[in-house]
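Here's the letter readout for the chains.
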Amino acid sequence: MITMPAKRPPVPLSRERIIEAALHIADSQGLRRLTMRRLGDALQVEAMAIYHHLPRGKEALMDALAEHVTTVRVEQGPTWQETAKAWCRAERELLRQHPGVLALALTKPPKGATALAIGEQVEQLADGGLGNAAESVRTLRAFVFGSVAVEVQQSGWADPEVDEWVRRDERADMDFERGLDALLKGLQT
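- Looking at an unreviewed UniProt entry, one finds the protein chain named TetR family transcriptional regulator and attributed to Nonomuraea turkmeniaca.

Below you can see the structure in the form of structure tokens.
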């Protein structure tokens, strides 16, 4: 008698699993290739099952992806400059890990957890003694997002002619740090 191995129970579908699978598709194939059907196939579920976790469908998925790559929290540093540097570096790293959703990060207005994290950043910089903290956070976000956009553009990520894109570029790291230092000095005045 041949016995069949027991089937593993399916991994329960969750919002986190959906977001991770969607990030994988967007980063490896591009945001245009991210469909509910393709996402369902990747998760081994019917596409309609995703709507239980994201009732607004694809729009809710796009919001969740943008929120995932733009919600950054850091510990308050000894100075506002150290706090700002920690946030900028963490946000840059998160965005660089997920170039497929950079367009969403650049275009979706901050909502939910992202809006709360931005409020926390403003509070941290103000508590650290920086005047105009809200304006400074907007300026820092613009610098980080713009820097990452240029890095992704120069990396070859979206170029179909490039077989392997450059995830790490020491020159880009140096440019980022130099720009960040200059920006922080400018915010002091």
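### Section: the side chain of H98
Logical step 1: You can see H98 is positioned in the loop between helix 5 (80-97) and helix 6 (102-107).
Logical step 2: A relative accessible area of 12% places H98 in the buried class.
Logical step 3: When residues no more than four places from it in sequence are discounted, the contact partners of H98 are L23, D27, H68 and V69.

### Considering the packing of helix 5 against helix 9 (residues 170-188)
Logical step 1: The interhelical angle for the contact between helix 5 and helix 9, taken along N-to-C directions, is 145°, at an axis separation of 11 Å. Note that helix 5 runs across helix 9; the crossing there is right-handed. Each of W80, Q81, A84, K85, C88, R89, R92 and R96 in helix 5 lies in contact with helix 9, whose residues at this interface are A172, D173, F176, E177, L180, D181, L184, L187 and Q188.
Logical step 2: Class assignment of the residues belonging to the contact of helix 5 with helix 9 gives a composition of 8 nonpolar, 2 polar and 7 charged.

### Let's talk about the nonpolar core
Logical step 1: Membership of the largest hydrophobic core comes to 50 residues, with the highest contact counts inside it found for L39, L61, L65, L140 and V144.
Logical step 2: The element that contributes the greatest number of residues to this core is helix 8 (residues 133-155), accounting for 8 residues.
Logical step 3: Both domain 1 (15-68) and domain 2 (75-187) contribute no fewer than three residues apiece to this core.
Logical step 4: In this structure, L61 is in contact with I18, A22, L34, M36, L39 and L54, ignoring residues within four places of it in sequence.

### Considering helix 1 (residues 15-29)
Logical step 1: End to end, helix 1 covers 21 Å across 15 residues, agreeing with the expected 21 Å (1.5 Å per residue, within 8%).
Logical step 2: Among all positions in helix 1, only I18, I19, A21, A22, L23, I25, A26 and D27 are buried.
Logical step 3: In the core, the buried residues of helix 1 are packed alongside helix 2 (36-43), helix 3 (47-53), helix 4 (58-70) and helix 5.
Logical step 4: Of the residues one or two after helix 1, G30 is the one with positive phi, at around 100°.

### Side note on the side chain of S136
Logical step 1: By the element assignment, S136 lies in helix 8.
Logical step 2: Residue classification places S136 among the buried positions, given a relative accessible area of 3%.
Logical step 3: Contacts of S136, omitting those with residues within four sequence positions, involve L130, G131 and L187.

Conventions used here
- Residues numbered from 1 in each chain as written.
- Predicted model: local features only at pLDDT ≥ 70, side-chain atom pairs only at ≥ 80, totals over all residues.
- Heavy atoms only, no water.
- Helix = DSSP H or I, 4+ residues; strand = E, 2+ residues; numbered from the N terminus.
- Buried < 20%, exposed > 50% of the residue type's maximum accessible area, 1.4 Å probe, protein only.
- Contact = heavy atoms within 4.5 Å.
- Axes fitted to C-alpha atoms, helices over the stretch in contact; angles between N-to-C directions.
- Left-handed = near helix turned anticlockwise from the far one by under 90°.
- Nonpolar A, V, L, I, M, F, W, Y, C, P; charged D, E, K, R; others polar.
- Core = buried A, V, L, I, M, F, W, Y, C linked by side-chain atoms within 4.5 Å.
- Domains from an automatic or database assignment.
- Expected span 1.5 Å × (residues − 1).

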